[in-house]
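One letter stands for each residue in the lines below.
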Amino acid sequence: MNRFTAPLWVFLSLIVLLGVGLTLNPRELPSPLLGKPAPSFALPRLLAPQQNFSTAQMQGQVWLLNVWASWCAACVDEHALLLRLARAERAVPIVGLNYKDDPAQASAWLQTLGNPYAYIAVDRRGEVSLDYGVYGVPETYLIDQAGRVRVKQVGPLTAEIVEHSLRPWIQKLREEA
Amino acid sequence: MRRAIVIAAAVAVGMGPAMLLSASAASTVEVVSFATPQQENLYRKMLTELRCLVCANQSLSDSNAELAKDLRGKVQKMVAHGQNRAAIVAYMTNRYGEYILYRPRFSGATLLLWVSPLLLLLLGLAAAVRLVARKSSRSETAYSAAQLQKVGALLKDELN
């Protein structure tokens with residue numbers, strides 16, 4: 001045993017530890033909501049303010065809840081993907097939760113970029129979003145037929161997340177049903 | 001080598017208290033009033049115990065972020081409705097997870113976090129003890145009678 005052996009081991013284990021640390025995303029929090037019932041809510045609809053959207057409407061379906069705002073730059077990044085998802089064959093309905101936004105601006109934003117949402121609920125004061133534990137917009141939740149949260153994505157959706165997480169989950173949930 | 005051990009031990013000793021220190025006193029909080037001073041105390045206490053999730057290591061009381069404001073509002077409402085600390089902590093952790101607590105609870109998932117300072121301290125102590133033991137045993141047996149004689153002769157030379 002050389003006198004440098006011990007420090008070398010300490011050094012190497014530190015390198016491994018820090019190396020693993022570098023590959024983790026400190027912003028990614030595991031949601032305690034996974035597998036639990038999604039908080040139910042009823043909120044006015046953006047494009048039909050006299051009507052409410054209620055989570056009860058979605059019972060028995062696999063659906064996506066997408067939290068977005070017209071002031072949110074990252075929401076533009078995932079928008080094309082949402083449009084594609086909405087137009088795909090056997091698409092799951094996407095419900096938008098408009099987070100702390102000006103309804104006029106939100107409508108204008110959708111008019112320019114296209115509307116992927118089956119319904120849009122307006123959460124002006126962010127209270128429903130708080131109930132979902134939203135801490136960064138955009139966020140997307142996959143909710144199953146029984147109303148349980150299956151996937152939570154904080155930050156914009158990517159094609160990779162859709163392929164490797166959302167699609168397999170949707171397929172599995174539909175097969176089980 | 002010895003310095004490395006001293007540093008490791010110092011880190012181990014220092015980490016414990018540092019982890020227990022929570023964020024500094026309130027600074028950016030809106031003015032709110034409660035029916036009783038107990039409620040106000042609970043409100044202030046909760047704000048230092050809960051983390052602002054979108055900030056770099058700030059508690060709710062230190063942060064100006066939108067989300068921190070909303071969460072402060074939620075805490076205020078819950079306190080005003082007579083909810084206790086446990087109810088507020090449960091509400092927050094059910095949505096945001098353990099991470100929102102500045103002082104993580106002692107559980108299976110946080111076991112390593114809590115005991116690692118102690119482990120490091122023990123590790124450092126063990127290494128130090130081993131090092132000292134090895135040093136002292138070497139000094140007792142390392143020199144033969146001939147070597148000692150030689151040393152004595154050299155010292156004599158030096159003194160003359």
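Residues numbered from 1 in each chain as written. Chains lettered and ligands numbered in written order. Predicted model: local features only at pLDDT ≥ 70, side-chain atom pairs only at ≥ 80, totals over all residues. Heavy atoms only, no water.

Q: Could you give an account of the overall build of chain A, with specific residues and numbers?
A: Looking only at helices and strands, one finds five helices and seven strands in chain A. Scanning chain A from its N terminus toward the C terminus, one meets helices and strands in the order α-β-β-β-α-β-α-β-α-β-β-α. The buried share of chain A, reckoned over its 177 residues, is 44%. When contacts within chain A are restricted to residue pairs at least 6 apart in sequence, long-range pairs at least 24 apart make up 70% of them. If you sum the accessible surface of chain A, you get close to 9,900 Å²; carbon and sulfur atoms cover 58% of it. (Helix = DSSP H or I, 4+ residues; strand = E, 2+ residues; numbered from the N terminus. Buried < 20%, exposed > 50% of the residue type's maximum accessible area, 1.4 Å probe, protein only. Contact = heavy atoms within 4.5 Å. Areas by Shrake-Rupley, 256 points an atom, 1.4 Å probe, with all protein chains shown as cover.)

Q: Outline the pattern of salt bridges, supporting the account with residue identities and numerical values.
A: Per the counting criterion, the structure on display carries 13 salt bridges over all chains. Note that Glu 127 of chain A and Lys 77 of chain B form a salt bridge whose closest N and O atoms lie 3.1 Å from each other. Of this pair, Glu 127 of chain A sits in helix H4 (residues 127-132) while Lys 77 of chain B sits in helix H3 (residues 66-80), placing the two residues on different chains. Judged by its relative accessible area of 42%, Lys 77 of chain B falls in the partly exposed class. One salt bridge connects Glu 49 of chain B with Lys 45 of chain B, and the closest N-O pair in it is separated by 3.8 Å. A residue pair is termed a helical-turn pair when its members lie 3 or 4 positions apart in one helix, as Glu 49 of chain B and Lys 45 of chain B do in helix H2 (residues 37-49) at four residues. Members of the salt-bridge network, linked through shared partners, are Lys 100 of chain A together with Glu 66, Lys 69 and Asp 70 of chain B. (Salt bridge = Lys/Arg side-chain N within 4 Å of Asp/Glu carboxyl O.)

Q: Tell me about the interface of chain B and chain A, and name the residues and values.
A: Facing 17 residues of chain B, the contacting portion of chain A comprises 16 residues. Buried area between chain B and chain A, both sides added, is near 1,400 Å², and the carbon and sulfur share of it is 54%. In this assembly, chain B and chain A are joined by four salt bridges. Measuring nitrogen to oxygen at the nearest pair gives 3.3 Å for the salt bridge that ties Asp 131 of chain A to Arg 95 of chain B. Applying the counting rule to chain B against chain A returns six residue pairs in polar contact (both at pLDDT 80 or more). Elements represented by at least two residues in the side of chain B that touches chain A include exactly H3 and helix H4 (85-96) of chain B. Of the residues that constitute the side of chain B that touches chain A, the class distribution is eight nonpolar, three polar and six charged. (Buried area = accessible area lost by both parts, 1.4 Å probe. Polar contact = N/O pair within 3.5 Å; in protein donor to acceptor, adjacent residues only side chain to side chain. Nonpolar A, V, L, I, M, F, W, Y, C, P; charged D, E, K, R; others polar.)

Q: Please give an account of the sheet that holds strand E6 (residues 139-143) of chain A that cites residues and values.
A: All names here are of chain A. If you walk across this open sheet you meet the five strands as E5-E4-E3-E6-E7, and the pairing is mixed. The sheet terminates laterally at strand E5 (119-123) and strand E7 (149-154), the two strands that pair on one side only. With direction set aside, neighbouring strand axes in the sheet form an average angle of 20°. With five bridges connecting them, strand E3 (residues 63-68) and strand E4 (residues 94-99) associate as parallel partners. Residue pairing in the sheet places Asn 66 in a bridge with Gly 96 of E4. (Pairing = 2+ DSSP bridges. Axes fitted to C-alpha atoms, helices over the stretch in contact; angles between N-to-C directions.)

Q: Break down the pairing of E4 of chain A for me, with residues and values.
A: Residue and element names in this part refer to chain A. The buried fraction of E4 is high, at six of six residues. Alternating positions in E4 separate into two faces, Ile 94, Gly 96 and Asn 98 on one and Val 95, Leu 97 and Tyr 99 on the other, with burial throughout. Running through helix H2 (residues 73-87), the crossover from E3 to the neighbouring parallel element E4 is right-handed. Sheet analysis places E4 next to E5, joined by five bridges and oriented parallel. Opposite Val 95, over in E5, you have Tyr 119 as the bridge partner. (Right-handed = clockwise from strand over helix to strand, strands pointing away.)

Q: Explain the state of the cysteines to me, and be specific about the residues and the numbers.
A: All names here are of chain A. Scanning the model with the defined rule gives one disulfide over all chains in all. Sulfur-sulfur distance for the disulfide between Cys 72 and Cys 75 comes to 2.2 Å. The sign of the S-S torsion, about 95°, decides the handedness of the disulfide formed by Cys 72 and Cys 75: right-handed. Exposure class is identical for Cys 72 and Cys 75. Each is buried. (Disulfide = S-S within 2.5 Å.)

Q: Just give me the short version of the packing of aromatic side chains, but keep the residues and values in it.
A: Residues and elements named next belong to chain A. Counted according to the given criterion, the structure contains nine aromatic pairs over all chains. With centroids separated by 6.3 Å and ring planes inclined at 65°, the aromatic side chains of Phe 53 and Trp 63 adopt a geometry described as edge-to-face. Of this pair, Phe 53 sits in strand E2 (residues 52-54) while Trp 63 sits in strand E3, placing them 10 residues apart in sequence. Given a relative accessible area of 0%, Phe 53 falls into the buried group. (Phe/Tyr/Trp six-rings, centres within 6.5 Å; stacked < 30°, edge-to-face > 60°.)

Q: Explain the nonpolar core to me, and be specific about the residues and the numbers.
A: Counting 45 residues, the largest nonpolar core has Phe 41, Leu 65, Trp 68, Tyr 132 and Tyr 141 of chain A as its most contacted members. Here this core takes five residues from E3 of chain A, the largest share from any one element. What Tyr 141 of chain A contacts, discounting residues up to four positions off in sequence, is Leu 33, Trp 63, Leu 64, Leu 65, Val 67, Tyr 132, Gly 133, Val 134, Val 149, Val 151 and Lys 152 of chain A. Among the nonpolar cores identified, the runner-up in size contains 26 residues, and Tyr 135 of chain A together with Leu 42, Ala 68 and Met 92 of chain B belong to it. (Core = buried A, V, L, I, M, F, W, Y, C linked by side-chain atoms within 4.5 Å.)

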